[in-house]
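This is what each chain is made of:
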Amino acid sequence: MKRKRFSFAAFYLALVTLITYLPIAVVVVFSFNDSKLPVAWKGFTWRWYETLLRDAALMEALRNSVVLGLVSCAFAAVVGTLGAIGMARVHYRSKGMMEYLSTVPIMLPEIILGMVFMAFFSLLRLPFGWPTLILAHTSFCIPYVYLMVKARLVGIDKSIEEAARDLGATPARAFFDITLPLILPAVASGCILSFAMSFDDVVISIFVNGPTLSTLPIKVYTQMRTGVTPEINALCTILLAAVVLAQALSAALRRGALRREESNDKGERV
Amino acid sequence: MKPRQRRERWWLCVAPLYLFTLLFVLGPVLYMIAVSFAQNTAGTGFRWAFTLENFAKMRDGVYLNCFRESLRLALSTTLLNVLIGYPFGYFMGRLGARGKRLMLFLVMVPFWTSSLIRLYGWLIILQAKGLLNNVLLALGLIREPLKILYTYPAVLTGMVYGLLPFMILAVYTSVEKMDWTLVEAARDLGATPARAFLTITLRLTLPGLMSGVILTFVPSMGLFFIADLLGGNKIVLVGSLIQDQMTRGGNQPFAAALALVLAVMTTLLLALYRRATHMSELEGML
Amino acid sequence: MKKKWLALLGAVTALALLAGCGAKKANSELVLYTWEGMFPPEVLEGFTARTGTKIVYSNFDYDETMLEKLSQAKGGDYDVVIADDYIIEQAVNAGLVSEIDKSVVTNYANINPRYQGQFYDPEDKYTVPYGCGIPLIVYDPAAVDFPIKGYNDLWNSALKDSVAITANYRVINGITLLSMGRSMNEEDLGVIAQAGEKLLRLAPNIRLIQDDNTQDALLNGEASVAFLYTSQVTQVMAENPDLKVVYPEEGLGFGIMAAFVPVNAPNKQAANEFLKYLLEPEISKACFEYIGYVNTTGAADGIVDPALVAPESAGSGEFIMNVSAEAEEAYNRNWAAFKAACGQ
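Throughout this description, residue numbers start from 1 for each chain and increase along the sequence as written. By the order in which they are written, chains take letters starting at A while ligands take numbers starting at 1. With the structure being a predicted model, the display of local features is reserved for residues of pLDDT at least 70 and the display and counting of side-chain atom pairs for 80 or more, all residues being used for whole-chain, interface and lining totals.

**Q** So what exactly am I meant to see when it comes to the overall build of chain C here?
**A** Tallying secondary structure elements over chain C gives eleven helices and twelve strands in all. For chain C, the C-alpha radius of gyration of 22 Å lies close to 20 Å, the compact-globule estimate for 344 residues. Dimensions along the principal axes, computed over C-alpha positions, put chain C at roughly 75 × 60 × 40 Å. Partly exposed residues are those falling between the two cut-offs: more than 12 but fewer than 20 other C-beta atoms within 10 Å of their own, whereas 20 or more means buried and 12 or fewer means exposed, with C-beta atoms placed from the backbone. Counting over 344 residues, chain C shows a buried share of 48%. Put simply, 76% of the contacts in chain C that link residues at least 6 apart link residues at least 24 apart. Numbering of helices and strands starts at the N terminus; helices are DSSP runs of H or I of at least 4 residues and strands are runs of E of at least 2. Our radius of gyration looks at C-alpha atoms and nothing else; its globule reference is 2.2 Å times the residue count to the power 0.38. Here the contact rule is simple: place C-beta atoms from the backbone, and any two residues whose C-beta atoms are within 7 Å are in contact.

Here is the structure:
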């Protein structure tokens with residue numbers, strides 16, 4: 001009985017995963033297809049990868065997306081983490097309201113945020129481009145970091161830090177030595193999540209991007225309306241390979257670190 | 001070193017968050033609310049004169065229909081995501097450590113590839129001379145290519161597909177940290193598997209399910225480009241309407257009014273849902 | 001310590017903002033704002049090679065989007081804009097367009113005079129035309145078993161779920177009015193409402209509404225009939241000569257696209273040089289053969305693909321013009337209702 005249920009679970013997981021990967025597989029396969037139209041297989045070619053490397057506009061869009069993701073996620077990490085730490089300790093009357101407001105950017109459909117930012121930034125006469133993109137992206141990255149860190153802080157005993165302070169540590173020292181290491185994993189996952197969201201955002205970016213700036217999703221979106229060139233498939237394949245590689249690498253590193261820690265533990269015990 | 005003094009410094013920590021939120025969240029939202037009561041003028045501008053005409057205009061059947069369509073699509077997307085994603089996250093959480101790592105990896109990889117590209121993959125699969133039709137034709141199941149692309153099911157496929165990872169990850173997180181001894185105890189006390197699931201597992205994983213629902217419902221209220229691309233521009237959602245009014249139509253006050261109604265609708269539905277599930281925190285997102 | 005953090009945060013913010021603003025290099029860039037796919041890459045590269053000015057090719061989807069962005073930018077940010085006739089009239093009226101510097105564009109006379117003195121620029125002060133066209137019906141005779149002669153045939157119930165159309169709401173409202181024997185620029189709200197009702201009856205036949213690459217629907221089998229822009233007609237006929245082109249019997253639409261320099265263009269000198277460059281016969285030839293619109297540079301008539309030289313009948317079609325705000329609103333409403341009906 002138990003065995004049977006397990007195999008259904010495995011079957012279900014495999015089936016859904018397979019369907020999930022179907023469109024990705026199609027995109028990868030057609031990046032090697034010797035035809036501009038993704039209709040029939042016309043033979044193997046590397047030519048889309050060659051044109052991709054020469055396509056300055058697309059490479060620039062990719063670079064822009066990475067920079068935008070990193071910058072907004074860095075801002076969000078600082079503001080969100082400090083905010084979560086502070087919020088856990090202050091008792092202002094405005095706290096509940098502020099907490100809600102700061103998560104509003106992910107509690108509203110993106111289209112609203114994009115529209116609101118476009119109108120507001122043009123009211124402030126901010127130049128459309130990097131400043132507006134970074135502000136808009138930071139605003140929806142902050143909630144991810146904030147919520148992650150907040151959830152983590154709930155699980156941490158406040159008395160540890162207080163004990164450190166009582167033992168004479170400066171607030172900064174107590175923060176860097178005690179609190180920060182404990183919440184770092186949460187900050188990291190918040191950052192990863194917000195980078196992923198920023199890197200993939202199209203709706204908000206379309207509203208606030210400037211005349212000369214293009215991010216990768218904007219480029220892909222325009223192409224999807226006007227005819228996708230297989231270069232995009234090639235780019236996606238490369239990104240996919242990079243992600244798989246990075247994941248494998250981080251898994252290997254983690255395993256290594258784990259082993260080291262274990263041996264350290266043993267060393268201490270001896 | 002009085003404890004009192006200690007506490008007072010924390011405002012420095014929250015200051016950036018307060019500042020940013022007031023300036024770039026509350027500010028824009030208040031501005032949008034103000035604009036939604038302003039009067040549209042010919043061309044692209046508007047005039048600061050109080051009017052309700054932007055809201056009155058929405059009573060027109062054409063616009064009401066957009067709201068109805070958006071709501072229908074968002075609700076069916078969320079429902080399908082629960083039906084597909086919950087079992088997935090649940091089964092995933094019951095795997096061994098190795099299996100969990102592998103599945104987590106498999107779920108995360110698509111998350112990192114552009115969602116638009118994956119949508120494009122569906123476009124290739126669903127088109128008249130695409131993969132699905134070719135397979136069905138080759139199997140002799142159909143004689144004429146099916147017209148799947150640019151239909152409602154195609155849009156729904158794209159929406160569910162795009163948002164599924166959020167549901168899976170949210171459910172998985174809460175299944176993963178569940179205390180299984182409770183279920184065992186219930187079984188030992190004679191509860192059927194179904195009853196144990198309903199009374200214990202479902203309850204304990206509700207926070208995950210709840211954040212999954214929020215993480216899929218909220219975006220699906222506004223994701224108009226999937227409907228545009230896979231639906232051949234034929235399904236008009238509030239999102240496309242807002243974009244249209246903001247860019248093509250040059251009617252900012254109407255766009256703001258539409259956005260305001262959409263925001264209120266989303267917030268109310270979320271509040272109702274929260275009340276029904278007695279939950280107030282978003283958790284288990286990764 | 002925390003103050004230092006804050007200071008650091010402030011410094012990083014300031015730096016990022018500075019970097020963002022500083023990224024625009026003065027005078028070495030020309031921002032060209034038009035639809036995607038309007039220029040062969042070698043034409044843009046050629047201009048950079050000749051003048052050292054880098055071209056930033058920036059795109060909009062609809063004319064109205066362009067106007068909105070341009071007015072948000074107060075006529076700045078962009079150096080050369082190419083868009084449709086009627087929207088240029090609006091831009092001119094809104095004071096967003098600057099006069100062309102004919103001391104730079106010394107070859108202004110290369111323009112075919114037939115496309116000059118139009119409603120959007122009666123005194124030829126603001127624009128350089130960049131192609132014109134007549135939207136037409138194209139169909140696949142293998143998939144349609146009756147001859148299509150005009151717009152009214154699009155309503156034929158035999159075409160259920162097989163018509164692809166472009167997405168300009170004025171054009172689609174316009175051909176509906178033409179099919180009723182009315183003007184594309186009808187301002188009578190009652191007649192517009194009738195056109196709206198007639199459009200609703202077209203809905204069951206619509207497979208796809210899309211402005212870009214609409215012609216692909218004919219090639220990949222999604223649709224058997226399509227209402228297309230001239231460039232798309234040219235492209236689809238090159239791919240599949242078996243398709244049939246129809247000049248609708250009820251009357252033709254007509255449109256000119258033109259380039260202009262916004263009033264606060266950051267790099268006006270380069271913008272005017274670019275317009276001059278476009279009017280060179282060899283460059284015009286390369287452009288029009290690439291986009292497939294009818295050649296508007298008279299000086300290039302002798303060398304361009306003869307299929308792109310306008311026949312005498314061209315110009316007899318009707319321009320889409322700006323109408324009253326009420327009519328505009330009614331057209332918008334028709335369009336929203338039509339799209340919603342298509343999705344049912």
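**Q** How should the overall build of chain B be read in this particular structure?
**A** A count of helical and extended segments in chain B gives 13 helices and two strands. In terms of its C-alpha atoms, chain B occupies a principal-axis envelope of roughly 85 × 70 × 35 Å. Looking at the 286 residues of chain B, the share that counts as buried comes to 51%. Look at the contacts in chain B between residues 6 or more apart in sequence, and 71% of them connect residues 24 or more apart.

**Q** Got a minute to help me understand the environment of Thr266 of chain B in this structure?
**A** As for its placement among the helices and strands, Thr266 of chain B is situated in helix α13 (residues 252–277). By the C-beta count within 10 Å, which is 22 here, Thr266 of chain B ends up buried. Remark: the alpha-carbon pair of Thr266 of chain B and Cys13 of chain B, spanning 253 residues in sequence, is separated by 31 Å. Once residues lying within four places of it in the same chain are set aside, the contact partners of Thr266 of chain B are Leu108 and Pro109 of chain A together with Val218 and Met221 of chain B.

**Q** Any chance you could explain the nonpolar core here in plain terms?
**A** Side chains of a nonpolar character, in soluble globular proteins, are inclined to be buried together. Ranked by size, the top nonpolar core spans 259 residues in total, and within it Met115 and Val145 of chain A together with Ala259 of chain B carry the most contacts. An automatic or database domain assignment supplies the residue ranges for each domain. Shared between two domains, this core takes at least three residues from each, and those domains are domain 1 (27–132 + 255–310) and domain 2 (136–251 + 319–342) of chain C. Residues within four places of Val145 of chain A in sequence aside, it is in contact with Ala76, Ala77, Gly80, Thr81, Val187, Gly190, Cys191 and Ser194 of chain A. For this entry, the nonpolar core is defined as buried Ala, Val, Leu, Ile, Met, Phe, Trp, Tyr and Cys residues connected by C-beta atoms within 7 Å.

**Q** Where do I start with the sheet that holds strand β6 (residues 136–139) of chain C in this structure?
**A** Either a parallel or an antiparallel arrangement is found when strands of a sheet pair, and the pairing is made through backbone hydrogen bonds. Residues and elements named next belong to chain C. The criterion for strand pairing is that DSSP finds at least two bridges linking the strands in question. Taking strand neighbours across the sheet as the criterion, the five strands line up as β8-β7-β9-β6-β10 in an open arrangement whose pairing is mixed. In this open sheet, the two edge strands, each paired with only one partner strand, are β8 (206–209) and β10 (244–246). Neighbour to neighbour, the strand axes of the sheet diverge by 20 degrees on average, direction disregarded. In terms of strand pairing, strand β7 (residues 163–165) meets strand β9 (residues 225–228) through three bridges, oriented parallel. By the bridge assignment, Ile165 is partnered in β9 with Phe227. Axes here refer to lines fitted to C-alpha atoms; in helices the fit is confined to the stretch in contact. Angles between the N-to-C directions go from 0 to 180 degrees.

**Q** Please explain the interface of chain C and chain B as it appears in this structure.
**A** The figure often quoted for interface size is the accessible area lost as the parts come together. At the junction of the two partners, chain C supplies 29 residues and chain B supplies 24 residues. When residues of the side of chain C that touches chain B are traced back to their parent elements, those giving at least two are α1 (2–22), α3 (63–72), β8 and α11 (325–342) of chain C. Of all the elements, α11 of chain C adds the most residues to the side of chain C that touches chain B, at eight residues. Residues are grouped as follows: Ala, Val, Leu, Ile, Met, Phe, Trp, Tyr, Cys and Pro are nonpolar; Asp, Glu, Lys and Arg are charged; every other residue, Gly included, is polar. Taken together, the residues that form the side of chain C that touches chain B break down as 14 nonpolar, seven polar and eight charged.

**Q** Sorry, what's going on with the domain arrangement of chain C here?
**A** Residues and elements named next belong to chain C. Domain boundaries assigned for chain C yield domain 1 (27–132 + 255–310) and domain 2 (136–251 + 319–342). Relative placement of domain 1 and domain 2: their C-alpha centres are 27 Å apart. The class makeup of the residues in the side of domain 1 that touches domain 2 is five nonpolar, three polar and four charged.

**Q** Whenever I open this one, the interface of chain B and chain A confuses me. Can you help?
**A** With 68 residues of chain B at the contact, the number on the chain A side is 65 residues. Secondary structure elements with two or more residues in the side of chain B that touches chain A: α2 (11–36), α4 (61–93), α5 (97–112), α6 (115–126), α10 (193–222), α11 (224–230), α12 (238–248) and α13 of chain B. It is α2 of chain B that provides the largest number of residues to the side of chain B that touches chain A, a total of 17 residues.

**Q** Before we go on, may I ask you to explain the packing of helix α4 (residues 95–107) of chain A against α2 of chain B in this structure?
**A** Between two packed helices, what matters for the description is the angle formed by their axes and the separation of those axes. Where α4 of chain A meets α2 of chain B, the closest approach of the two axes is 9 Å, and the angle between their N-to-C directions is 55 degrees. When the axes of α4 of chain A and α2 of chain B are compared, the pair comes out oblique. The chirality of how α4 of chain A crosses α2 of chain B is left-handed. For the pair formed by α4 of chain A and α2 of chain B, the contact residues are Met98, Leu101, Ser102, Val104 and Pro105 of chain A on the first element and Leu17, Tyr18, Thr21, Val25 and Leu26 of chain B on the second. Classifying every residue of the contact of α4 of chain A with α2 of chain B by side-chain character gives eight nonpolar, two polar and no charged. Any angle that is under 35 degrees is reported as roughly parallel, and any over 145 degrees as roughly antiparallel; angles of 65 to 115 degrees are reported as roughly perpendicular and all others as oblique. With the far helix as reference, a near helix turned anticlockwise by less than a right angle produces a left-handed crossing, and one turned clockwise produces a right-handed crossing.

**Q** Can you walk me through the pairing of β6 of chain C in this structure?
**A** On a regular strand, each side chain points to the face opposite its neighbour's, so the side chains alternate between the two faces of the sheet. All names here are of chain C. The sheet contact formed by β6 and β9 spans four bridges and is antiparallel. Bridge pairing links Val138 to Ala226 in β9. In terms of strand pairing, β6 meets β10 through three bridges, oriented antiparallel. Across the sheet, residue Ile137 finds its bridge partner in β10, namely Val246.

**Q** What should I look at first to understand the environment of Met221 of chain B in this one?
**A** Looking at the element boundaries, Met221 of chain B is found in helix α10. In this structure, the C-alpha to C-alpha distance between Met221 of chain B and Ala263 of chain B, residues 42 residues apart in sequence, is 9.4 Å. Not counting residues within four places of it along the chain, the set of residues in contact with Met221 of chain B comprises Pro109 of chain A together with Ser70, Ala74, Leu262 and Thr266 of chain B.

**Q** Could you clarify how one ought to interpret the environment of Ser115 of chain B in this entry?
**A** All names here are of chain B. Structurally, Ser115 is set in helix α6. Overall, the presence of 22 C-beta atoms within 10 Å leaves Ser115 in the buried class. Considered as a pair, Ser115 and Leu169 are 54 residues apart in the sequence and their alpha carbons are 16 Å apart.

**Q** Just checking my understanding: could you explain the packing of α4 of chain A against helix α6 (residues 130–154) of chain A for this structure?
**A** All names here are of chain A. At a minimum axis separation of 8 Å, α4 and α6 run at an interaxial angle of 115 degrees. Considering the relative orientation of α4 and α6, their crossing is left-handed. Contacts between α4 and α6 involve Ser102, Thr103, Pro105 and Ile106 from the former and Ser139, Phe140, Ile142, Pro143, Tyr144, Tyr146 and Leu147 from the latter. A class-by-class count of the residues in the contact of α4 with α6 yields eight nonpolar, three polar and no charged.

**Q** Mind showing me how you'd approach unusual backbone geometry here?
**A** Among all residues save glycine, negative phi is the norm, and among peptide bonds the norm is trans. Even without glycine at this site, Asn233 of chain B takes up a positive phi of about 65 degrees. Mapping Asn233 of chain B onto the fold places it in the loop between α11 and α12. A tally of 21 C-beta atoms within 10 Å means that Asn233 of chain B is categorised as buried. Phi angles above zero are rare outside glycine, and Asp124 of chain C is one such case at about 50 degrees. Tracing the sequence through the fold places Asp124 of chain C in the loop between β4 (97–98) and β5 (127–133). The exposure class assigned to Asp124 of chain C is partly exposed, which follows from the 16 C-beta atoms found within 10 Å.

**Q** Where do I start with the confidence of the model for chain C in this structure?
**A** Fine structural detail should not be taken from predicted coordinates in areas where pLDDT scores are low. All names here are of chain C. A score between 0 and 100, pLDDT records how confident the predictor is in each residue. Predicted confidence across chain C gives a mean pLDDT of 88, with 91% of residues reaching 70 or more. In this model, residues 1–9 is a region of pLDDT below 50 whose contacts with residues beyond four sequence positions or in other chains number five contacts. Predicted confidence is poor over residues 11–26, with pLDDT under 50, and the contacts of this stretch with residues over four places away or in other chains come to eight contacts. Among the prediction metrics, the complex's ipTM stands at 0.85, with pTM recorded as 0.84.

**Q** Help me out: how do you make sense of the confidence of the model for chain B in this one?
**A** Residue and element names in this part refer to chain B. The pLDDT averaged across chain B works out to 86; a share of 93% of its residues lies at or above 70. Element-level pLDDT for chain B is lowest in helix α1 (residues 3–8), with a mean of 50, against a maximum mean of 93 in α4. In the model, residues 280–286 has pLDDT below 50 throughout and makes 22 contacts with residues more than four positions away in sequence or in other chains.

**Q** I tried to follow α13 of chain B on my own but got confused; where do I start?
**A** Owing to its 3.6 residues per turn, the α-helix brings residues three or four apart onto one side. Taking 1.5 Å of rise per residue, the 26 residues of α13 of chain B would be expected to cover 38 Å, and the 37 Å separating its terminal C-alpha atoms lies within 8% of that figure. For α13 of chain B, the complete set of buried residues consists of Gln252, Pro253, Phe254, Ala255, Ala256, Ala257, Leu258, Ala259, Leu260, Leu262, Ala263 and Thr266 of chain B. Between the first and last residue of a helix there are one fewer steps than residues, each counted as 1.5 Å, and that sum is the expected span.

**Q** Help me out: how do you make sense of the pairing of strand β11 (residues 253–262) of chain C in this one?
**A** All names here are of chain C. Taken across its ten residues, β11 has ten buried, putting it largely inside the fold. Judged by which residues are buried, β11 turns out to be covered on both faces: Gly253, Gly255, Met257, Ala259 and Val261 on one side and Phe254, Ile256, Ala258, Phe260 and Pro262 on the other are all buried. Of the strand pairs in this sheet, strand β3 (residues 80–84) and β11 are connected by four bridges, and their pairing is antiparallel. Bridge pairing in β11 places Val81 opposite Phe260. Relative to β11, β4 runs antiparallel, the two sharing two bridges. Residue Ser98 lies in a different strand from β11, and its bridge partner there is Val261. Bridge count for β11 against strand β12 (residues 318–319) is two bridges, and the pairing is parallel. In the strand pairing of β12, Gly253 is matched with Glu318.

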